[in-house]
Amino acid sequence: MDERIPAYLQERLLSCYGQETAERIELGYKAVRPVTMRINTLSADRGEVCGELDRAGIAWQNVDWYEQALILSEARENEIEKLNVYSEGKVYLQNLSAMIPPVVLNPQPGEAVLDMAAAPGGKTTQIAALTGGKAQITACERDARRAERLRYNLKMQKASALVMQKDARDLDDLFRFDRILLDAPCTGSGTLELRDGVPPRRMTPDWVLKTVKTQKAMMAKAIRLLKKGGEMVYSTCSILPEENEDVVTYALKTGNMELVPIEDDFMHDFPQLPVKLPGTLLVCPDALHEGFYVAKLRKIR
Ligand code: SAM
């Protein structure tokens, strides 16, 4: 495999997926993806956004599974950043894979929703838009600078959320939420970019173990904070099973949670990698998508 892929990641990809699929993943790491964006329905509609793109001569394409997503195959990010719809927060630049978790979470107006690892806020603002600004959103972020970025993006996108700058593992156990998004900190093994001048990412067994430990602790907290009958989405931008299915299996073993399978029709819209837990989605990095894992769970007791 390409020597810029850290040795430990190469080893894990080959052992989890075999040579052929590991090479497919490698092609995904090398892909130069088009700019993709999400229309912010809190402050704009498709007509306004597509109208400005048309006037600027920027070609756009729809995405079958999500009406608010657009692919701008020919455009560069700096061209988009000059548009009014960008400077006025009417669109949010976001990879298509990163738009999946809030769609699967399916938050409803009036619900109390926790985004446990929220900055820079792509998914928090998407949850706000999906609920027409009518959910009570709490957005937790441990890092102070990233929490500032989150506040800025919420303001830009006219999305309201209570920002809590703290370690989500220390959230008060007295809180209860109807829905939780745990877009967990991860190794980012799905989003590696093999481009000239981009240094290889570090990846050691110890670091993966430490990351998994944090993910499981955050999952345990999410289970405590979810109302009975409430639903959560666990997602990462990693393609390693120890950060994905193994964390979901850990949640299922508590006996408090059941898996809510993601619908087949929806899954078929994505390039997939094999998973041990059917009904969970592992997106293979390709020319359009970053590698991403998404699972949905419900609290049964
Ligand atoms: N959901 C975000 C979005 O869509 O814009 C991306 C989240 S990123 C994958 C993970 C975030 O979790 C990082 O901003 C990181 O600083 C934060 N984080 C890491 N450990 C945390 C913890 N223990 N509690 C809260 N946030 C944490």
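Preceding this paragraph is the structure being described.
The rules behind each value
Residues numbered from 1 in each chain as written. Predicted model: local features only at pLDDT ≥ 70, side-chain atom pairs only at ≥ 80, totals over all residues. Heavy atoms only, no water. Helix = DSSP H or I, 4+ residues; strand = E, 2+ residues; numbered from the N terminus. Rg over C-alpha atoms; globule rule 2.2 N^0.38 Å. Buried < 20%, exposed > 50% of the residue type's maximum accessible area, 1.4 Å probe, protein only. Areas by Shrake-Rupley, 256 points an atom, 1.4 Å probe, with all protein chains shown as cover. Lys, Arg positive; Asp, Glu negative; His and termini not counted. Charge placed at Lys NZ, Arg CZ, Asp CG, Glu CD. Pairing = 2+ DSSP bridges. Contact = heavy atoms within 4.5 Å. Near = heavy atom within 4 Å. Polar contact = N/O pair within 3.5 Å; in protein donor to acceptor, adjacent residues only side chain to side chain. Nonpolar A, V, L, I, M, F, W, Y, C, P; charged D, E, K, R; others polar. Axes fitted to C-alpha atoms, helices over the stretch in contact; angles between N-to-C directions. Parallel < 35°, antiparallel > 145°, perpendicular 65-115°, else oblique. Left-handed = near helix turned anticlockwise from the far one by under 90°.

Caption draft 1: Focus on the overall build of the chain. Looking only at helices and strands, the chain has ten helices and twelve strands in total. Against the compact-globule benchmark of 19 Å for 301 residues, the chain has a radius of gyration of 19 Å, which places it among compact chains. Based on the C-alpha atoms only, the size of the chain along its principal axes is roughly 55 × 50 × 40 Å. Looking at the chain as a whole, 56% of its 301 residues are labelled buried. Of the accessible surface of the chain, which amounts to about 13600 Å², a share of 48% is contributed by carbon and sulfur atoms. Within the chain, the 43 negative side-chain charges are centred at a point lying 7 Å from the centre of the 40 positive side-chain charges.

Caption draft 2: Representation of the pairing of strand β3 (residues 66-72). Within β3, six of the seven residues are buried, leaving the element largely enclosed by the surrounding structure. As defined by bridge partners, strand β1 (residues 35-39) adjoins β3 across four bridges and the pair is classed as antiparallel. When the bridges of β3 are listed, R38 appears paired with A69. Summarising the sheet, strand β2 (residues 61-63) and β3 pair through three bridges and their orientation is antiparallel. Within β3, the residue paired with Q61 across the bridge is I71. Connecting β2 to the antiparallel partner β3 that follows it, the hairpin turn spans two residues.

Caption draft 3: Region of the structure containing the side chain of T138. Within the fold, T138 resides in strand β6 (residues 136-141). According to the relative accessible area criterion, T138 is buried, its value standing at 11%. For T138, the contacting residues outside a window of four places in its chain are V113, L114, D115, L162, M164 and F177.

Caption draft 4: Layout of the site of the ligand. Lining the immediate surroundings of the ligand are 20 residues, of which K123, E141, R146, D167 and D183 lie closest. Between the ligand and the protein, one listed contact pairs a nitrogen atom with a backbone N or O atom of A117 at 3.0 Å. Between the ligand and R146, the relevant distance is 2.5 Å, taken from an oxygen atom to a side-chain nitrogen or oxygen of the residue. Look at the ligand: alone it shows 600 Å² of surface, and the protein chains cover 88% of it. In terms of residue class, the shell around the ligand is built from nine nonpolar, two polar and nine charged.

Caption draft 5: Quick peek at the sheet that holds strand β4 (residues 91-93). Read from one edge to the other, the open sheet built from four strands follows the order β2-β3-β1-β4, with strand pairing classed as antiparallel. Across the chains shown, the open sheet's two edge strands, defined by having one partner strand only, are β2 and β4. Here the strands of the sheet are splayed against their neighbours by 35° on average, with no regard to which way each runs.

Caption draft 6: Layout of the packing of helix α8 (residues 205-225) against helix α9 (residues 245-253). As a packed pair, α8 and α9 sit with axes 10 Å apart at the nearest point and diverge in direction by 40°. On the basis of their axis angle, the class for α8 and α9 is oblique. Taken as a pair, α8 and α9 cross one another with a handedness that is right-handed. Contact residues: Q215, K216, M219, A220 and I223 in α8; D246, V247, Y250 and A251 in α9. When grouped by side-chain class, the residues that make up the contact of α8 with α9 number six nonpolar, one polar and two charged.

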